[in-house]
Amino acid sequence: MSMSVTELAELPTAPTISRGLREAASYADQGPFRALRRALLGTTTFEDFIAVITPEHAIAEGVALIVLGGLINPEVTDRGWPDSSWDAGYAAERVGHAHQIIGRWADSHTEQQLAHLFEAAADRARTLEGR
């Protein structure tokens, strides 16, 4: 990973992770992954998704998944929160692990609980962004 959460938040083309997570709470009825993509990318359809995604969007989605997953299971963030010290391989492994943790959690929780998780993750991301 080449940028910290703070650096990512400062990029003009990057979605703000905390804002995206907070917005995703309103789409919780679509499940965790579709809600997050809709909030960060404005779409959930693959054709639209590939038309708008930038490297910054991909990083933002990965970091958002790590923040969500870390709230469910601290093991996801066993080296702390994502920052520029994480190499790409480790970041990708943590995103994959977070994806699994979130999927399993969502299978046994309500939309309302998912919305609350998004809100808590938004608060955590806002802290990471230094705001």
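Right, let's walk through the structure included here.

Cut-offs and rules
- Residues numbered from 1 in each chain as written.
- Predicted model: local features only at pLDDT ≥ 70, side-chain atom pairs only at ≥ 80, totals over all residues.
- Heavy atoms only, no water.
- Helix = DSSP H or I, 4+ residues; strand = E, 2+ residues; numbered from the N terminus.
- Buried < 20%, exposed > 50% of the residue type's maximum accessible area, 1.4 Å probe, protein only.
- Contact = heavy atoms within 4.5 Å.
- Areas by Shrake-Rupley, 256 points an atom, 1.4 Å probe, with all protein chains shown as cover.
- Expected span 1.5 Å × (residues − 1).
- Polar contact = N/O pair within 3.5 Å; in protein donor to acceptor, adjacent residues only side chain to side chain.
- Axes fitted to C-alpha atoms, helices over the stretch in contact; angles between N-to-C directions.
- Parallel < 35°, antiparallel > 145°, perpendicular 65-115°, else oblique.
- Nonpolar A, V, L, I, M, F, W, Y, C, P; charged D, E, K, R; others polar.
- Phe/Tyr/Trp six-rings, centres within 6.5 Å; stacked < 30°, edge-to-face > 60°.

## A word on the overall build of the protein
What the protein contains, in helices and strands, is seven helices and zero strands. Helices (α) and strands (β) of the protein occur, in sequence order from the N terminus, as α-α-α-α-α-α-α. For the protein, buried positions account for 47% of its 131 residues. Across the protein, every contact between residues at least 6 apart in sequence was considered, and the portion connecting residues at least 24 apart equals 67%. In the form shown here, the protein has an accessible surface area of approximately 6500 Å², with 51% of it arising from carbon and sulfur atoms.

## A look at helix α6 (residues 88-107)
Its 20 residues place the ends of α6 29 Å apart at the C-alpha level, agreeing with the 28 Å of an ideal helix rising 1.5 Å per residue. For α6, the complete set of buried residues consists of Tyr90, Ala91, Arg94, His97, Ala98, Ile101, Ile102, Gly103, Trp105 and Ala106. Of the surrounding elements, those touching the buried residues of α6 are α3 (32-41), α5 (55-72) and α7 (111-128). For α6, the N-terminal cap is Asp87; the gap from its side-chain oxygen to the backbone nitrogen of Gly89 is 3.1 Å.

## Observations regarding the environment of Ile102
Position of Ile102 relative to the elements: it lies in helix α6. In contact with Ile102, other than residues within four places in its own chain, are Pro32, Phe33, Leu65, Leu68, Gly69 and Ile72.

## Thoughts on the side chain of Thr77
Relative to the helices and strands, Thr77 is located in the loop between α5 and α6. In this structure Thr77 comes out as buried when scored by relative accessible area, which is 11%. Setting aside its immediate chain neighbours within four residues, Thr77 contacts Ile66 and Gly70.

## Topic: α3
Among the ten residues in α3, seven count as buried, and that is most of the element. For α3, the complete set of buried residues consists of Pro32, Phe33, Ala35, Leu36, Ala39, Leu40 and Leu41. Directly after α3, the chain includes Gly42, whose backbone phi takes a positive value near 80 degrees.

## Describing the environment of Val67
By the secondary structure assignment, Val67 is in helix α5. Each C-alpha atom of the pair Val67 and Ala122 lies 8.5 Å from the other, and the pair is 55 residues apart in sequence. When residues no more than four places from it in sequence are discounted, the contact partners of Val67 are Leu21, Trp81, Ala121, Arg124, Ala125 and Leu128.

## Concerning the packing of helix α2 (residues 17-24) against α7
Between α2 and α7, the least distance of the axes is 8 Å, while the angle of their chain directions is 170 degrees. In this view, α2 runs roughly antiparallel relative to α7, as classed from their interaxial angle. Residues Ile17, Ser18, Leu21, Arg22 and Ala24 of α2 lie in contact with α7, whose contacting residues are Phe118, Glu119, Ala121, Ala122, Asp123, Ala125 and Arg126. Residues of the contact of α2 with α7, tallied by class, amount to seven nonpolar, one polar and four charged.

## Points about the side chain of Ser18
Within the fold, Ser18 resides in helix α2. Given the relative accessible area of 6%, Ser18 is considered buried. Every residue in contact with Ser18, bar those within four places of it in the chain, is listed here: Ala122, Ala125, Arg126 and Glu129.

## Re the packing of aromatic side chains
Under the definition given, this model contains one aromatic pair. On the basis of an interplanar angle of 80 degrees and a centroid distance of 4.9 Å, the ring pair of Trp86 and Tyr90 is categorised as edge-to-face. For Trp86, a relative accessible area of 1% gives the class buried.

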